[in-house]
Amino acid sequence: MTASIVSTLDRIIGAGSPVVSVAPVALSAPDRPVPLEVRVSAPATGTDLPVVVFSHGNGWNLDGYAPLTAFWASRGFVVIQPTHLDSRRNGFGFDHPVFPTIWTERIVDLTRILDQLDTIEAAVPGLAGRVDRSRVAATGHSWGGQTAQTLLGARTFDEAGQVGQDMSDGRVTAGILFATTGLGGDDLHPFAQANFPFMRPSFQELTTPTLVVAGDHDQSKMSSRGPDWFTDAYTHSPGATDLLTFYGAEHALGGIVGYEVAETTDEDPERVAVIQRMSTAYLRTALHVDENSWPAGRAVFSAGSDPIGRVDSK
């Protein structure tokens, strides 16, 4: 079943092309505790290339998530991945003085990237003049999804219960949130309530077209809610119009962080292959590369007598 889905999706999104990937590329971040470095991956040929900014999950870095980012680049997108301050490479643990502001610094990292696309283009041989800056998507996994959703319009409740600052970015026109945490409140475990203010999101302001990807076996240690917690962005925001749920998938969604990575508890390369292609189909339509890619992909995913997941749309 999965092999059939993959081959049909390949016909929808097209064949891949060679990719050029450059890292680390240093960007200006004068007040940051450590330099901001990014990886840039882009197809070796082609013009009018849309941009996809990807925010990693807790502890990761610009070298992670190649199953997604390299695949997107091979299908015609310029993919930019920062190493955020929470990366294990930096060693800023929960007790470090910088930790309480990391969640906002993560958001600033993404806006710095969009502010410095000239530098990014110049860093990749042959890329200058081939990027379409009017088509930008913000994407991320887990904590990275929270970071990306802020640029898409989601806000955070403060301790008084008031909706906080608008940190959205008008340059971002689409998004994908992978295994991204949901609403806060009493369901949050005490550690999360004390240390993760970003886990009090308000999704009502998220109006940018967004795909939410979740696993129906993803049980977080941060909340007493079940796997449906990771679908809240779809349930509660006007912009998240599509939800892709994979049966049996846990937090790594089969291994999107990387193949044979220790923290993947549900290793499933076939599931990852479908996620690669379905997310590409969504990006192609949301960023106006091909208006039919997502409707066609959605139809393929929903067909068959032994589905591997379901797709919901508003």
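Residues numbered from 1 in each chain as written. Predicted model: local features only at pLDDT ≥ 70, side-chain atom pairs only at ≥ 80, totals over all residues. Heavy atoms only, no water.

(A) Inspection of the overall build of the protein chain at higher detail. The helix and strand inventory of the protein chain stands at 9 helices and 11 strands. Computed over C-alpha atoms, the radius of gyration of the protein chain comes to 18 Å, within 12% of the 20 Å expected from 2.2 N^0.38 for 314 residues, which places it in the range of a compact globule. Reported as C-alpha extents along the three principal axes, the dimensions of the protein chain are approximately 50 × 45 × 35 Å. Counting the 314 residues in the protein chain, one finds 57% classified as buried. Within the protein chain, residue pairs in contact and separated by at least 24 positions form 72% of the contacts whose partners lie at least 6 positions apart. (Helix = DSSP H or I, 4+ residues; strand = E, 2+ residues; numbered from the N terminus. Rg over C-alpha atoms; globule rule 2.2 N^0.38 Å. Buried < 20%, exposed > 50% of the residue type's maximum accessible area, 1.4 Å probe, protein only. Contact = heavy atoms within 4.5 Å.)

(B) Quick peek at the environment of Ile80. Looking at the element boundaries, Ile80 is found in strand 4 (residues 78-82). Taking the C-alpha atoms as reference points, Ile80 and Leu110, 30 residues apart in sequence, are found 9.3 Å from one another. Discounting residues that sit within four places of it in the chain, Ile80 has contacts with Val38, Arg39, Val51, Val52, Val53, Phe54, Ile113, Leu117 and Ile120.

(C) Local environment of the sheet that holds strand 9 (residues 210-215). Across the sheet, 9 strands lie side by side as 1-2-4-3-5-7-9-10-11; this open sheet has mixed pairing. Strands at the two margins of the open sheet, each flanked by one partner only, are strand 1 (19-27) and strand 11 (309-313). When strand polarity is set aside, the average angle formed by the axes of neighbouring strands in this sheet is 20°. In the sheet, strand 3 (residues 49-55) pairs with strand 5 (residues 131-141) via 6 bridges, with the strands oriented parallel. Looking at strand 5, one finds that Val52 is bridged to Ala137. Contacts from helix 3 (residues 102-115) reach strand 1, strand 2 (36-43), strand 3, strand 4 and strand 5 within the one sheet, and its direction differs from that of strand 3 by about 160°. Across the sheet, helix 8 (residues 269-286) lies against strand 3, strand 5, strand 7 (174-178), strand 9 and strand 10 (240-246), angled at about 160° from strand 7, the strand it touches most. (Pairing = 2+ DSSP bridges. Axes fitted to C-alpha atoms, helices over the stretch in contact; angles between N-to-C directions.)

(D) Structural context of the layout of surface pockets. What the largest pocket holds in volume is close to 700 Å³. Grouping the amino acids of the lining of the largest pocket by side-chain chemistry returns 10 nonpolar, 10 polar and 5 charged. (1 Å grid on protein atoms, 1.4 Å probe; cavity = no way out; pocket = protein on both sides within 12 Å on 5 of 7 lines; lining within 4 Å. Points joined across faces, edges and corners; volume = space filled by probe spheres on them. Nonpolar A, V, L, I, M, F, W, Y, C, P; charged D, E, K, R; others polar.)

(E) Just the pairing of strand 4, in detail. In terms of residue burial, strand 4 counts as a mostly covered element, since 5 of its 5 residues are buried. Burial of strand 4 is two-sided: the residues Val78, Ile80 and Pro82 facing one way and the residues Val79 and Gln81 facing the other way are all buried. Across 4 bridges, the pairing between strand 2 and strand 4 is antiparallel. Pairing of Arg39 across the sheet is with Gln81, part of strand 4.

(F) A look at the pattern of salt bridges. For the structure on display, the rule yields 22 salt bridges. Between Arg112 and Asp109 there is a salt bridge, with the nearest N and O atoms lying 3.1 Å from each other. Of this pair, Arg112 and Asp109 both sit in helix 3, 3 residues apart, which is roughly one turn of that helix. For Arg155, the salt bridge goes to Asp166, with nearest N and O atoms at 3.7 Å. (Salt bridge = Lys/Arg side-chain N within 4 Å of Asp/Glu carboxyl O.)

(G) How the structure looks around the packing of helix 8 against helix 9 (residues 293-302). Running from N to C, helix 8 and helix 9 point in directions that differ by 150°, and their axes come no closer than 7 Å. By the angle between their axes, helix 8 is roughly antiparallel relative to helix 9. Contact residues: helix 8 offers Val274, Met278, Ala281, Tyr282, Arg284 and Thr285, while helix 9 offers Ser293, Trp294, Pro295, Gly297, Arg298 and Phe301. Its residues assigned to classes, the contact of helix 8 with helix 9 comprises 7 nonpolar, 3 polar and 2 charged. (Parallel < 35°, antiparallel > 145°, perpendicular 65-115°, else oblique.)

(H) Up close: the nonpolar core. Core analysis: the biggest nonpolar cluster contains 51 residues, and Val40, Val78, Ile80, Ile113 and Leu127 have the highest contact counts within it. Of the residues forming this core, the biggest block, 6 residues, is contributed by helix 3. Not counting the four nearest positions on each side in its chain, Leu127 is found in contact with Val40, Ala42, Leu49, Val78, Ile120 and Glu121. One finds Phe71, Val79, Ala137 and Leu244 within the second-largest nonpolar core, a separate group that totals 44 residues. (Core = buried A, V, L, I, M, F, W, Y, C linked by side-chain atoms within 4.5 Å.)

(I) Spotlight on the packing of aromatic side chains. Overall, the coordinates contain 14 aromatic pairs when judged by the stated rule. For the ring pair Phe99 and Trp143, a centre distance of 6.1 Å and an interplane angle of 55° mean the geometry is tilted. Linking Phe99 in the loop between strand 4 and helix 3 with Trp143 in helix 5 (residues 143-152), this pair joins segments that are 44 residues apart in sequence. Residue classification places Phe99 among the buried positions, given a relative accessible area of 7%. One aromatic cluster is present, formed by Phe99, Trp103, Trp143, Phe191, Phe196 and Phe198 through successive ring pairs. (Phe/Tyr/Trp six-rings, centres within 6.5 Å; stacked < 30°, edge-to-face > 60°.)

(J) Structural context of the pairing of strand 3. With 7 of 7 residues buried, strand 3 lies mostly within the body of the structure. Relative to strand 4, strand 3 runs parallel, the two being bridged by 3 bridges. If you follow Val53 over to strand 4, its bridge partner there is Ile80. Running through helix 2 (residues 66-74), the crossover from strand 3 to the neighbouring parallel element strand 4 is right-handed. (Right-handed = clockwise from strand over helix to strand, strands pointing away.)

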